[in-house]
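# Report on the structure
Listed below, chain by chain, are the residues.
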Amino acid sequence: MTAAAAPLLSGQTAGGTPLAARSADMVTGIMLADIAVVILLGLVLGRLFGRIRQPAVIGEITAGIALGPSVLGQLPGDLTQRLFPSDIRPLLNGVSQVALVLFMFVVGWEFEKRLVRPHAGLAAGVSLSSIAVAFGLGVALAVYLHPQHSTVAGHHVSFATFAVFLGTAMSVTAFPVLARILNDNKLLDTRVGSLALASAAIDDVLAWCLLAYVSAMVSADGDYAKLVRVAGFGLLFTAGMLLVVRPLLDALVWRWAAAERWGQLLAVLAAGALVSAWLTSWIGVHAIFGAFLFGFITPREPAALLTSHVRKPLDDMNLVLLPVFFVVTGLNVDLGALTAEDTVAMLLIIAVACVGKLLGAIVPARLAGLGWRESKDLGLLMNTRGLTELVILNAAMTLGVLDVRMFTMMVVMALVTTAMAGPLLSGRDALVAVTSEKPKAVRL
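What you see is a predicted model; the values in this text were computed from it and never measured.

Within the protein, the secondary structure is distributed over 19 helices and two strands. Here the protein, with 444 residues, has 53% of them falling under the buried criterion. Accessible surface, the protein: about 18,400 Å² in total, of which carbon and sulfur atoms supply 68%.

Take a look at the structure:
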């Protein structure tokens, strides 16, 4: 960093003027420069991690952490603060929330019943079992962790809220990252690959429902009458989306697709996701649930046209915006704040997370007749948490459920459980190929 650049990034002009005295254009300029740094570093690390059989998201998350207090902040000169001044961070957080809402819309939209149908019974069994075991172990672990993390920013977090959140975080499987791992390892057309996708799809829907419940608990803050009101409005919102908005969207999509009004359709869907996110925030349920539900009820047909004219532009938009979400996450990760006791707790969190998902997936797979190798691979894939876990962790930070130390430990757990899948998976030749319908609906 040059001497001239340092004050610009530190929130001061060359003459030492505070950021508050800058013009709006200068503030915007610093934010845009920060976003450029984030995108480029995420791109570089994403490609580097891809060379060692890791999904690009691992490199992008690592880039966010590297730019935060855990790495860059440890160097002389308080470089993290210079690069991301306190006054700029709310702007970056705003951009990251837009990215998050659009990402959750796409996640909901990519859920396809055709993924689940060929393996409906076994996929439901694997998903429910892996969630139940991981959730139960997470709640048990909360008994040990809660006393050390029961106060966040001076506010007491109840054991019930902390335990339900921890159980939810342990239960997550990252469908988008899992699909990328399967594609990179050429396992999409194997029995374990298609079963993992179906199980993860069910897992994701249940995880977002659990998160909606946790956010309603936090919003109610011990007031059971308020909790009932939040739950009632949440159910009313869900019913309205399914019974009213979905048929209206279906008619709109077909009409505008026939007229090739793709730009207008993209704008309406993006606006719908943002409005849905606002509505659930107003109700008292986290914004990402509204965006996910809006994506869930958005029509999938005409599939080929929607993919090329709407989904691909959204994916490209997320490619640019999501790295901002990663750096906002990284700014809240502080490995230097962890004590020796925290390190032990972090190792315990990782162990419990792995045992919960591996055991919860392997046992039903073995009971259904899958071999040990396929069952083990299925467990590894269901243990992949990736970006989905970060979404839930950031929601918990926003809701005031996690302190910085707990957030840091959970982010490390998400990275470890995601990174371990690729290297430990069996080769394609060792697995049984799918003989029925292949998962054509998978979007990578």
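That covers the picture; the talk isn't over yet.
Before going further, it helps to examine the environment of S308. Checked against the element boundaries, S308 lands in helix 14 (residues 303–331). Along the sequence, S308 and W262 sit 46 residues apart, while their C-alpha atoms lie 9.9 Å from each other.

Going through the model one piece at a time under the given rule, you end up with five salt bridges. Two residues, D203 and K357, come together in a salt bridge whose shortest N-O distance is 2.7 Å. Here D203 is found in helix 10 (residues 191–220), whereas its partner K357 is found in helix 15 (residues 340–367), with 154 residues between them in sequence. Taking the relative accessible area as the measure of exposure, D203 reaches 0% and is therefore buried. The residue D403 makes a salt bridge to R405 at a minimum N-O spacing of 4.0 Å. Residue classification places D403 among the buried residues on the basis of a relative accessible area of 11%. By relative accessible area, which is 26% here, R405 ends up partly exposed. A network of salt bridges, in which partner residues are shared, links D342, D403 and R405.

Attention shifts here to the packing of aromatic side chains. A full pass over the atoms with the stated rule returns five aromatic pairs. Here F233 and W282 contribute two aromatic rings whose centre-to-centre distance is 6.1 Å and whose plane-to-plane angle is 65°, an arrangement assigned as edge-to-face. Linking F233 in helix 11 (residues 224–258) with W282 in helix 12 (residues 262–283), this pair joins segments that are 49 residues apart in sequence. A relative accessible area of 59% places W282 in the exposed class. Ring centres of F292 and F296 lie 6.3 Å apart, and the angle between their planes is 25°; this geometry places the pair in the stacked category. Placement of the pair is F292 and F296 together in helix 13 (residues 287–297), with a separation of four residues, close to one helical turn.

Attention now goes to a nonpolar patch on the surface. Together, L137, V355, L359, V363 and L367 make up an exposed nonpolar region whose accessible area comes to about 450 Å². Considering every element that reaches the nonpolar patch, the biggest residue donor is helix 15, with four residues. Relative to the helices and strands, L137 is located in helix 7 (residues 120–145).

Mapped onto the elements, S130 comes out in helix 7. Setting aside residues up to four positions removed in sequence, S130 forms contacts with D203, G356, K357, G360, A361 and M382.

Taking 1.5 Å of rise per residue, 28 residues should cover 40 Å, and helix 15 covers 41 Å from first to last C-alpha, within 8% of that figure. Looking one or two residues beyond helix 15, the residue adopting positive phi is G369, at roughly 100°.

Between helix 12 and helix 13, the shortest axis-to-axis distance is 6 Å and the interhelical angle comes to 140°. One finds that helix 12 runs oblique with respect to helix 13. Every pair of crossing elements has a handedness; the one defined by helix 12 and helix 13 is right-handed. The residues of helix 13 that touch helix 12, namely those facing L269, G272, A273, S276, A277, T280 and S281, are A287, F289, G290, A291 and F294. Of the residues assigned to the contact of helix 12 with helix 13, the class counts are seven nonpolar, five polar and no charged.

What follows is about the environment of L187. By the secondary structure assignment, L187 is in the loop between helix 9 (175–184) and helix 10. Judged by its relative accessible area of 1%, L187 is buried. Along the primary structure L187 and L425 are separated by 238 residues, whereas in three dimensions their C-alpha atoms are 9.7 Å apart.

In this model, the protein carries an average pLDDT of 82, and 88% of its residues clear a pLDDT of 70 or more. Scored below 50 in pLDDT, residues 1–17 shows 28 contacts in the model against residues more than four places distant or in partner chains. For the stretch residues 435–444, pLDDT sits under 50, and the model shows 23 contacts to residues farther than four places along the chain or on other chains.

A few words on the packing of helix 17 (residues 386–399) against helix 18 (residues 404–419). As a packed pair, helix 17 and helix 18 sit with axes 9 Å apart at the nearest point and diverge in direction by 170°. Considered as vectors, helix 17 and helix 18 are oriented roughly antiparallel to each other. Together, G386, E389, L390, L393, N394 and M397 of helix 17 and F407, M410, V411, M413, A414 and T418 of helix 18 make up the contact between the two elements. Of the residues assigned to the contact of helix 17 with helix 18, the class counts are eight nonpolar, three polar and one charged.

A cis amide bond links E301 to the next residue, P302, at an omega of 0°. As for its position among the elements, P302 is in the loop between helix 13 and helix 14. Notably, D78 is not glycine yet its phi reads approximately 50°, a positive angle. Its relative accessible area of 43% is what places D78 among the partly exposed residues.

Conventions adopted
- Residues numbered from 1 in each chain as written.
- Predicted model: local features only at pLDDT ≥ 70, side-chain atom pairs only at ≥ 80, totals over all residues.
- Heavy atoms only, no water.
- Helix = DSSP H or I, 4+ residues; strand = E, 2+ residues; numbered from the N terminus.
- Buried < 20%, exposed > 50% of the residue type's maximum accessible area, 1.4 Å probe, protein only.
- Areas by Shrake-Rupley, 256 points an atom, 1.4 Å probe, with all protein chains shown as cover.
- Salt bridge = Lys/Arg side-chain N within 4 Å of Asp/Glu carboxyl O.
- Phe/Tyr/Trp six-rings, centres within 6.5 Å; stacked < 30°, edge-to-face > 60°.
- Patch = residues over 30% accessible without salt bridge, like charges linked within 9 Å, V, L, I, M, F, W, Y side chains within 5 Å.
- Contact = heavy atoms within 4.5 Å.
- Expected span 1.5 Å × (residues − 1).
- Axes fitted to C-alpha atoms, helices over the stretch in contact; angles between N-to-C directions.
- Parallel < 35°, antiparallel > 145°, perpendicular 65-115°, else oblique.
- Left-handed = near helix turned anticlockwise from the far one by under 90°.
- Nonpolar A, V, L, I, M, F, W, Y, C, P; charged D, E, K, R; others polar.
- pLDDT = per-residue confidence, 0-100.

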